[in-house]
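So you can see what is in the structure, the chains are spelled out below.
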Amino acid sequence: MTSRRYFFNRGVIRQDVKQHSWISVIYLLGLLFSLPLQMLLTANPDNPAREITSLFMVNGALTMLFTATLPVGAGLLLFRYLQNKGAADAAHSLPLRRDHLLANHLASGAALLLIPVWLTALIAGLLSLWSDNPFQYGASEVWWWGLTVSVLTLFLFVFTAFVGICIGQTVLQGIVAYILLILPSLLSQMVLFHLNLYLYGFLSLSNTRSVDNWSLLLHMMNVSGSPFQGGETALYAGLTLVFAALSFVLYRKRSSETSGQAMAFTYFNPLFKGGVMLCAMLIAGTYFAQMRAGQIGWALAGYALGALAGYTAAEMVIRKTWQIWSRNLPIRLAGYAAVIGVLLYVPVSPLTGFENRIPSSDQIKGVYAGGHYWEYFDSRNDAADMNRARSPFDDVDPFVSDSGYISAVRKLHEAVVQTKPKDDPSKAWYERSSIAFTIVYELKDGKRLSRQYAVPVAGLEPELKAVMESKDYKSKEFVLDQLDQPNSRIELNSGLHTATIADEDMDEFKKLLKQDILHMSFDDYQRDDRASLANIQVFPDESIGRNYSFYWYDWRPSYRVLGTWLEEKGYADRVLIKAKDVVSVELADQARISPNIVRNYDPESYLAEAESLDQTVTVTDKAQISELLKVRRSFRPTTNSCIIKVKYTNGNSEYFRINKTELPPGILKQS
C-alpha cells in the first residue's frame, strides 16, 4: 500500500511546509503569547489563584485575533496558485488528480495550523500544575480550549480555501471571506431594523448580543464573555466538512482560464449581484426611512438608490471595469430590483397577518406585560458570560399564568391592535404621554408571540388600568421577588443624607414597601410626578462579593404607610432633605419664557433666559423653602408651572418643577 492511495504526496506537502511553515511559527508564537505567557506575566504569589471555567477567560480576545487571521492567511497563500493562470496550469500539469492536489494542500495547511494549537494546549496543561499559576483550571478546560481552537482554525482555513476556489482573485478572496463571516450578523440586524420599521408592534431587539454571535468573527472577539458552547463547536465542525466536500466538487470543475476573474463560476453571478443589491437596498432604505420617519417617498427613494448602487458595484466587480453600460443593463437592473423588492415587501405586508395576530385564551400558557422583558432574559442568553453581573431578574419566571391577568392583557392588546395608535413625532417625548409596553405570550405549544408598543394613555385608560393596577403586573414591573429574598442591607439615600435600615426593621420595611407598591393606583405611579423623597437600595445576600446589577426603588410621596412608619422610626428625619440643607431656591415662571426655549428639555437654559429677562425670584427664607420642597415635582417644561433650581449647602444643585397652584402664598405674586 503506497501513500498515493491516501491522497498524500510527500513532494507537495514538503513544498508547502518549506514555503509556508513561517505561518505555523507565527501562529505558535501568537498563541503562546496570548495564553501561557499571559499566565506567567500575571502571576503574583501574593494573590490567590482565580478559579476559571474556560481558558478563553485568559485574554481570549487576543487568542482569537491570531485564530481569525492566520488560518485565513494560510488559506490565501496555499491556494494562491489558483488565482494565476500560469501557476494553476503548472500545478495541474503535475501527475496528480485535482482532488489529489486539493487533499494534499488541505492536509499540509491543517498540519501547519493545528500543531501550534496542540503545542499551546499542552503547555497550558503543564502550567495548570504550576503552583504560582494565577488561574486555577483543570484538564477539561484545556481539552475544551484545544478542541474549540482546533475546530475554528480548521473551519476558517477550509472556508477560505472554498472561497478561493469560487473566486479568481486573491485580494477579493480575502475580502469576500471576511465579509461572509460577518454577513450573518450584519444581515440579520438589517432585516430586524427593516421589520421594526414597517411592522406595527414588532419587538425591537434592545439586546443584539445574541445576534452578534451569529457572526463567527464577532463571536470570536467576544469569546471571553461568551465562550463557544458544545453545539456551536459541533456546528462549525460540521460546516468544515461541508465546505471541504463542496471544495472537492467545485475544484474539479474550476477552469484555469477563470484565474483573475471575480467569480470563477458564472452561475454564482446572479447570487452575488442579488446579495450585494439586497444589502445595499436594506442599508439605504432603512437609513432614509429612519432619517425621514413617516415619509414613504424618502424610504422608496432610499431603496431605489440602494438597488442602483448595489447592482452597479456588483457589475463593476464582476466585469473588473467601470464601463458596464449596455442596452440590456436597465432591464436586468429592473428585474433584480423587482425580485428583491418583493422579497423585502412580503414579510412586512398585511399578507402575513402579523399586526393583527393575537392568540386565543386557550392557546396561552402565560403572559408578560411591562418594560423589563429583556432584563429577565438577558442573563439566560448569556449564561456562559462569567463576568456578567447577576441581577434580581435572574432565575425569575417573567410569565404569569393567572387567567384574569391574561384576559386583561389580551383586552389591552386587542384595543391597541384595533386603534393602532402611534407616537406623534412632532411632539416632544414628554408631551406624548405614552407607555412603552412589551407583551409576550408563552403559548402551550412552547412558542412565544412577542409585541412591543408605545401605548398612549388617552383613549386606552380603562384597559391600561386593568393591567397596571393588578398585583401580577406590579409584581413583575417592580421586581417584588427581590423583597422576598434574604437581604444583607437596605439603604435610603436622598442625595444629601443616607440612612441604613436596622437589621431588626428590615422585614417590616420590606413588608410595608411591598404593601404600598401593591396598593398604588394607576394615577399614583403613572401621572404623579412628585419628586422622589429618596432612593431605596436593597442589597441581597447573593450580591456580597460579586458583580451585581441592582434594581432601585423610589420612596414616593404616595407611599403613605411606609412614609408614616419611617417617620415614627426616625429614619425620615435622618434622610429627608430639609430647608436647613438648602442655601436658596431660584424660581421662574415657565409661561414667561420663549416657547422655543420651553420646548427644549434644558432647565439651565430656561433659567438663563429668565435671568436675562429679569424674571427670576430667589428664595432664601427657610419657611418658604420648606414649603417649596414639599411640592416639588420632576422637571418637565410645561407652561402652567414654574421651574426651580435648588442649591444645596454641599455646593450641588437640582432642578424641579412646581405647579403654579401649589406655590406658597406670596411667591407667585413676586414672579
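Residues numbered from 1 in each chain as written. Predicted model: local features only at pLDDT ≥ 70, side-chain atom pairs only at ≥ 80, totals over all residues. Heavy atoms only, no water.

**Section: the confidence of the model for the protein**
Per-residue confidence for the protein gives a mean pLDDT of 87, with 93% of residues at or over 70. Here helix 23 (residues 595–598) is the element of the protein with the lowest mean pLDDT, 54, and helix 6 (residues 139–166) is the one with the highest, 95. Across residues 381–385, confidence stays below pLDDT 50; counting only partners more than four residues off in sequence or on other chains, it has 8 contacts. (pLDDT = per-residue confidence, 0-100. Helix = DSSP H or I, 4+ residues; strand = E, 2+ residues; numbered from the N terminus. Contact = heavy atoms within 4.5 Å.)

**Quick word on helix 17 (residues 461–468)**
Along helix 17, the residues that are buried comprise L464, V467 and M468. Mapping the buried residues of helix 17 onto a view down its axis gives an arc of 85°, with all of them on the same face. Packed against the buried residues of helix 17 are strand 3 (364–370), helix 15 (403–419), strand 4 (434–443), strand 5 (448–456), helix 18 (471–477) and helix 20 (522–526). (Buried < 20%, exposed > 50% of the residue type's maximum accessible area, 1.4 Å probe, protein only. Arc of directions from axis to C-beta.)

**Here's the deal with the sheet that holds strand 4**
Within the open sheet, the 3 strands sit side by side as 3-4-5. Their pairing is antiparallel. Taken across any chain shown, the strands that pair with only one partner, and hence form the sheet edges, are strand 3 and strand 5. Strand-to-strand twist in this sheet, taken as the mean axis angle between neighbours without regard to direction, amounts to 15°. Here strand 3 pairs with strand 4 via 6 bridges, running antiparallel. Across the sheet, A369 pairs through a bridge with I439, a residue of strand 4. Of the strands in this sheet, strand 3, strand 4 and strand 5 touch helix 15, which is tilted by about 65° from strand 3. The sheet contacts of helix 17 involve strand 3, strand 4 and strand 5, and relative to strand 4 the element is tilted by about 60°. (Pairing = 2+ DSSP bridges. Axes fitted to C-alpha atoms, helices over the stretch in contact; angles between N-to-C directions.)

**Comments concerning the environment of S641**
Among the secondary structure elements, S641 is positioned in strand 12 (residues 641–648). Of the residues examined, S641 reaches a relative accessible area of 0% and is grouped as buried. Here the alpha-carbon distance between S641 and L663, two residues 22 residues apart in the chain, equals 9.3 Å.

**Quick look at the domain arrangement of the protein**
When cut into domains, the protein gives domain 1 (10–180 + 216–264), domain 2 (266–347), domain 3 (364–478), domain 4 (485–575) and domain 5 (579–659). On a C-alpha basis, the centroid separation for the pair domain 2 and domain 4 is 56 Å. (Domains from an automatic or database assignment.)

**Observations concerning the sheet that holds strand 8 (residues 534–540)**
The sheet built from 4 strands is open, its strands ordered 7-6-8-9 with antiparallel pairing. Either end of the sheet is taken by a strand with one partner, and the two such strands are strand 7 (498–500) and strand 9 (552–555). Sheet twist, expressed as the mean angle between neighbouring strand axes with direction ignored, is 25°. As defined by bridge partners, strand 6 (residues 487–493) adjoins strand 8 across 6 bridges and the pair is classed as antiparallel. When the sheet's bridge partners are listed, N487 is paired in strand 8 with P540. In the packing of helix 19 (residues 506–519) onto the sheet, the strands contacted are strand 6, strand 8 and strand 9, and the crossing angle to strand 6 comes to about 60°.

**Points about the nonpolar core**
Of all hydrophobic cores here, the largest spans 68 residues; its most connected members are L55, F79, Y137, L216 and M220. Secondary structure elements with two or more residues in this core: helix 1 (10–34), helix 3 (60–78), helix 5 (98–127), helix 6, helix 7 (170–198), helix 9 (216–221) and helix 10 (230–253). With 15 residues, the top contributor of residues to this core is helix 6. Ignoring any residue separated from it by four or fewer positions in sequence, one finds M220 in contact with M64, T67, A68, L152, L156 and F228. Ranked by size, the runner-up nonpolar core spans 66 residues in total, among them A369, F399, V409 and M520. (Core = buried A, V, L, I, M, F, W, Y, C linked by side-chain atoms within 4.5 Å.)

**Quick word on the pattern of salt bridges**
What the rule picks out here adds up to 21 salt bridges. The partner of D99 in a salt bridge is R97, and the shortest N-O contact between them spans 3.5 Å. Across the pair D394 and R390 runs a salt bridge, and its minimum N-O distance is 3.6 Å. As far as burial versus exposure is concerned, D394 and R390 are alike and both buried. Each of D528, D529, R530, R633, R657 and E662 takes part in salt bridges that share partners, so that together they form one network. (Salt bridge = Lys/Arg side-chain N within 4 Å of Asp/Glu carboxyl O.)

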